[in-house]
Amino acid sequence: MRIFVRFSLVLLALSLAACAPDLAKLQTAEFQPYEPDLSGIAEPATIRGSYVENTDILGKTSRAVGVFALDGKTAFKGGFATPISLTPGTHSLTIGYSDSGYGDTIPVMLDAKPGGRYVVKRSKDTDWLDGLKYDRIRTWLYIEEEKTGEIAVPKVPDVIQSIEGRYQPPSGPDVGTMRGTVNAHGVSVYPIAVDGQIVKEDRERDLLVTARWEPTKPVALAPGMRAIAIQAKIGVTSRYLPILLDVKPNASYVANVDYRLKRSGETRIFTFTIWIEDGVTGEVVLPRTDLPGAPYPTL
């Protein structure tokens, strides 16, 4: 049986490879490396995840948990278990998990302490009603300080519609805003979280309909450094780009997106390209940043 399954997968891979776009003709994806400036930092912090291999009926599978994006960067040295250096202070990041090819991520904010040793952890829910409410059992992600056991980021479910509490927009004369857009191909981009809190959906989820956010609806932002997660979405595929943005008083920002197949090394990968402009002047405040989507299915 195992031989038959593997033979079938080989045939499928060959058929997909035969019709795959020419790799050499694809634009190169530019996934920005995370390289923090630690000059003058006496006690940098670190954050890591973990990675294990498990052997199943089809061979080895991987299970990983860790950081997928950090302060607008998506490329890291080493694997999930490799510590990533952090400057003390606020960071905007996406943490998540991968389990035998399946996984998910969630945007959070971390206030890193000098010398902190943080680790991303995962736990599973036991509430089987989740299967009816959210189409799957929730996985919980959190960040712990290894030396003290302190919970730096409390448990957050990977189904964002089930997160309790929502972002409370500020008010006042100096408040700025950010809105998203939908391009001609139906790809949307919009701010989904601010300072670690999910923006309230415009239509709440129930057993019959999914939650919905209106991309072009402005989200109010208090002036100052904000940890903002931008969600890019096409169909059922979505990704988060966590950034730090110094919001100016009364500013009006617009998030934009492009989506196309690119190459990364020898891999064909669908790529979101996100950038943010000042809605009044057109000035680019976040340069075009590539965010990995789903790989082209060549097996």
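Residue numbering note: each chain is counted from 1, following its sequence as written. Given that the model is predicted, a residue must reach a pLDDT of at least 70 before its local features are reported, and side-chain atom pairs must reach 80 or more before they are shown or counted; all residues, however, enter totals for whole chains, interfaces and linings. Where side-chain values are given, they derive from all heavy atoms of the structure, hydrogens and water being excluded.

> Let's hear about the environment of Thr-126: which residues, and what values?
Relative to the elements of secondary structure, Thr-126 occurs in the loop between strand E7 (117–124) and helix H2 (130–134). Burial classes follow relative accessibility: with a 1.4 Å probe on protein chains only, a residue under 20% of its type's maximum area counts as buried, one over 50% as exposed, and anything between as partly exposed. In this structure Thr-126 comes out as exposed when scored by relative accessible area, which is 66%. In this structure, the C-alpha to C-alpha distance between Thr-126 and Arg-138, residues 12 residues apart in sequence, is 8.4 Å. Where helices and strands are cited, they refer to DSSP runs of H or I of at least four residues and of E of at least two residues respectively, numbered from the N terminus.

> Just give me the short version of the sheet that holds strand E17 (residues 252–264), but keep the residues and values in it.
At least two DSSP bridges between two strands are needed for those strands to be called paired. Spatially, E14-E10-E17-E18-E19 is the arrangement adopted by the five strands of the open sheet, whose pairing is mixed. Either end of the sheet is taken by a strand with one partner, and the two such strands are strand E14 (219–221) and strand E19 (284–295). Averaged over all adjacent pairs, the angle separating strand axes in this sheet is 30°, with direction ignored. The pairing of E17 with strand E18 (residues 267–278) spans 12 bridges and is antiparallel. In the strand pairing of E18, Leu-261 is matched with Phe-270. Here an axis means a line fitted to C-alpha atoms, over the contact stretch when the element is a helix, while the angle between two N-to-C directions is reported on a 0 to 180 degree scale.

> Go over the packing of aromatic side chains, please, and point to the residues and values.
Classification of ring pairs rests on two measures: the distance between centres of Phe, Tyr or Trp rings, Trp counted by its six-membered ring, which must be within 6.5 Å, and the angle between planes, read as stacked under 30 degrees, edge-to-face over 60 and tilted in between. If you walk through the whole model with that rule in mind, you get five aromatic pairs. Between Phe-68 and Phe-80, the aromatic rings sit 5.2 Å apart at their centres with planes inclined by 45°, giving tilted as the arrangement. With Phe-68 in strand E3 (residues 59–70) and Phe-80 in the loop between E3 and strand E4 (84–86), this residue pair connects regions lying 12 residues apart in the sequence. What makes Phe-80 partly exposed here is its relative accessible area of 26%. Taking 6.2 Å as the distance between ring centres and 35° as the angle between the ring planes, the aromatic pair formed by Phe-270 and Tyr-296 counts as tilted. Taken together, the residues Phe-270 in strand E18 and Tyr-296 in the segment after E19 connect sequence positions 26 residues apart. For Phe-270, a relative accessible area of 23% puts it in the partly exposed group. Relative accessible area serves as the criterion here: at 17%, Tyr-296 is assigned to the buried category. Three or more aromatic residues joined by ring pairs form one cluster here, namely Tyr-259, Phe-270, Phe-272 and Tyr-296. Two thresholds decide whether a charge sits over a ring: the Lys NZ or Arg CZ must be within 6 Å of the ring centre and within 35 degrees of the ring normal. One Lys or Arg, Arg-288, reaches over the ring of Trp-275 and ends 3.8 Å from the middle of that ring.

> Residues and numbers for the sheet that holds strand E8 (residues 139–145), please.
Pairing within the open sheet is mixed, and its five strands lie in the order E4-E1-E7-E8-E9. The strands lining the two open edges of the sheet, one partner per strand, are E4 and strand E9 (151–157). Within the sheet, the average angular offset between the axes of one strand and its neighbour, ignoring direction, is 20°. Two elements, E8 and E9, share four bridges in a ladder whose sense is antiparallel. When the bridges of E9 are listed, Glu-144 appears paired with Ile-151.

> Describe the environment of Glu-283, listing the residues and the values that go with them.
Positionally, Glu-283 belongs in the loop between E18 and E19. Each C-alpha atom of the pair Glu-283 and Tyr-253 lies 9.6 Å from the other, and the pair is 30 residues apart in sequence. Discounting chain neighbours no more than four positions away, the residues touching Glu-283 are Ile-276, Glu-277 and Asp-278. Every residue pair with non-hydrogen atoms within 4.5 Å of one another is taken to be in contact.

> Lay out the pairing of strand E15 (residues 224–234) in plain terms, naming residues and giving numbers.
When a strand is regular, its side chains alternate between the sheet's two faces. With six bridges connecting them, strand E12 (residues 188–194) and E15 associate as antiparallel partners. The residue bridging Ala-193 from the neighbouring strand is Ala-229, located in E15. Where E15 meets strand E16 (residues 237–247), 11 bridges bridge the pair, whose relative direction is antiparallel. Pairing of Ala-229 across the sheet is with Pro-242, part of E16. The antiparallel hairpin formed by E15 and E16 contains two residues in its connecting segment, where Gly-235 sits at a positive phi of about 60°.

Keep in mind these numbers describe shape, not what the thing actually does.
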